[in-house]
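The chain contents come next:
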Amino acid sequence: MTTDTSDSWYRGRFAPSPTGPLHIGSLYTAVASFIDAKAHNGQWLLRIDDLDPLRCKSEHASQILKTLEQYALYWDEDVFYQQTRYPAYQYALDDLRDQSFVYPCRCSRKELEKRHINKGVYDAYCFKHPPSSKQASAVRIKLLSDSISFNDQVQGRITQSLKSDVGDFIIYRKDKVASYHLAVALDDAEQRITHIVRGHDLLDSTARQIYLQQQLHLSQPNYAHIPVLSDINGDKLSKRTGAEDVALLGVNHTLIKVLGYLNFQPPAELVTYTGSEILDWAINHWSMANIKPRATLTIPNH
Ligand code: GLU
């Protein structure tokens, strides 16, 4: 009898939103999730988070795929597109509605602002004053439990009180697009993702996603939220803050720079390696324990 020692139970993913070309901040997340998956002999899946038809473009999606290949970040299985998942999101919504876990909400941003709850906790106004069913409405999920706790592999034990931090939250928009939280909870389950490595900016979303996993009886992946790369003003590197398209940069130098951000100390000869060889070196020297539990990592000159 042979013993299976591979970690084939590990299924990681990278889930970019195709709102622009891949920049250094997203390449860094892609590299971290790829290396962690491969260091566990796991699979690394690619999901294109093209949920929002107004913000996402298929040209950007194909450009991102090409750039990942350019950097030798080869994914396993077929690319998964959220655009193909609208029926599954609707099915989950119907399921939650059948269990009376949700209610329609007509509150506009202006009304929320007027009631001083713009970024605060929703006051369940539409639960207490149900809008007429003829009006187009967003859908909110009721909070049946309060605190959600989980162990983040980088940030440690995290506890969030959804009742005092968020309130009943939107899972379906008025224009009938599923919310990011609902789509991610369902898609991670559909792709049988076991490990999520992503930026610290999404740490705050995790409790909501776990709450949805619980209500929909989905399994909960392991989480690791790595510091987000930011400029000297503390703003996350993004298209908006002028981060460059990494497709235009040299693969070796850029990968080595990214390894530095992940606290590797790459030897000088790595510049002579191919992209694939650089990643192999990183896989052999990887430890998530080297990542510091912090929100941001400031990159002075990106
Ligand atoms: N699509 C999201 C983004 O680009 C990431 C989703 C996730 O990792 O959960 O910010």
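Refer to the structure presented above.
Residues numbered from 1 in each chain as written. Predicted model: local features only at pLDDT ≥ 70, side-chain atom pairs only at ≥ 80, totals over all residues. Heavy atoms only, no water.

(A) Broad picture of the sheet that holds strand β5 (residues 138-141). Spatially, three strands are ordered β4-β5-β8 in an open sheet, and the strand pairing comes out antiparallel. Edge positions in the sheet fall to β4 (102-105) and β8 (169-172), since each has one partner strand and no second. Each adjacent strand pair in this sheet contributes to an overall mean axis angle of 45°, direction not counted. The pairing of β4 with β5 spans four bridges and is antiparallel. Looking at the pairing, C105 lines up with A138 of β5. Strands β4, β5 and β8 of the sheet are contacted by helix α3 (residues 86-98), whose axis makes an angle of about 130° with β8. Against the sheet, helix α8 (residues 203-215) touches β5 and β8, its axis set at about 60° to β8. (Pairing = 2+ DSSP bridges. Helix = DSSP H or I, 4+ residues; strand = E, 2+ residues; numbered from the N terminus. Axes fitted to C-alpha atoms, helices over the stretch in contact; angles between N-to-C directions. Contact = heavy atoms within 4.5 Å.)

(B) Structural detail: unusual backbone geometry. At K176, a position not held by glycine, the phi torsion is positive, near 70°. Looking at where K176 falls in the secondary structure, it is placed in the loop between β8 and α7 (180-190). A positive phi is found at R192, a non-glycine position, where the angle reads about 55°. Along the polypeptide, R192 turns up in the loop between α7 and β9 (195-199). Classification of R192 by relative accessible area gives exposed; the value is 55%. (Buried < 20%, exposed > 50% of the residue type's maximum accessible area, 1.4 Å probe, protein only.)

(C) Spatial organisation of the sheet that holds strand β1 (residues 11-14). The sheet built from three strands is open, its strands ordered β1-β2-β3 with parallel pairing. Of all the strands in the sheet, the pair left with one neighbour each is β1 and β3 (76-81). Going across the sheet, the axis of each strand differs from the next one's by a mean of 30°, ignoring polarity. Across three bridges, strand β2 (residues 43-48) lies against β3 in parallel orientation. In the sheet register, I48 faces β3, and the bridge partner there is Y81. Sitting on the sheet, α7 is in contact with β1, β2 and β3, with an inclination near 145° to β2.

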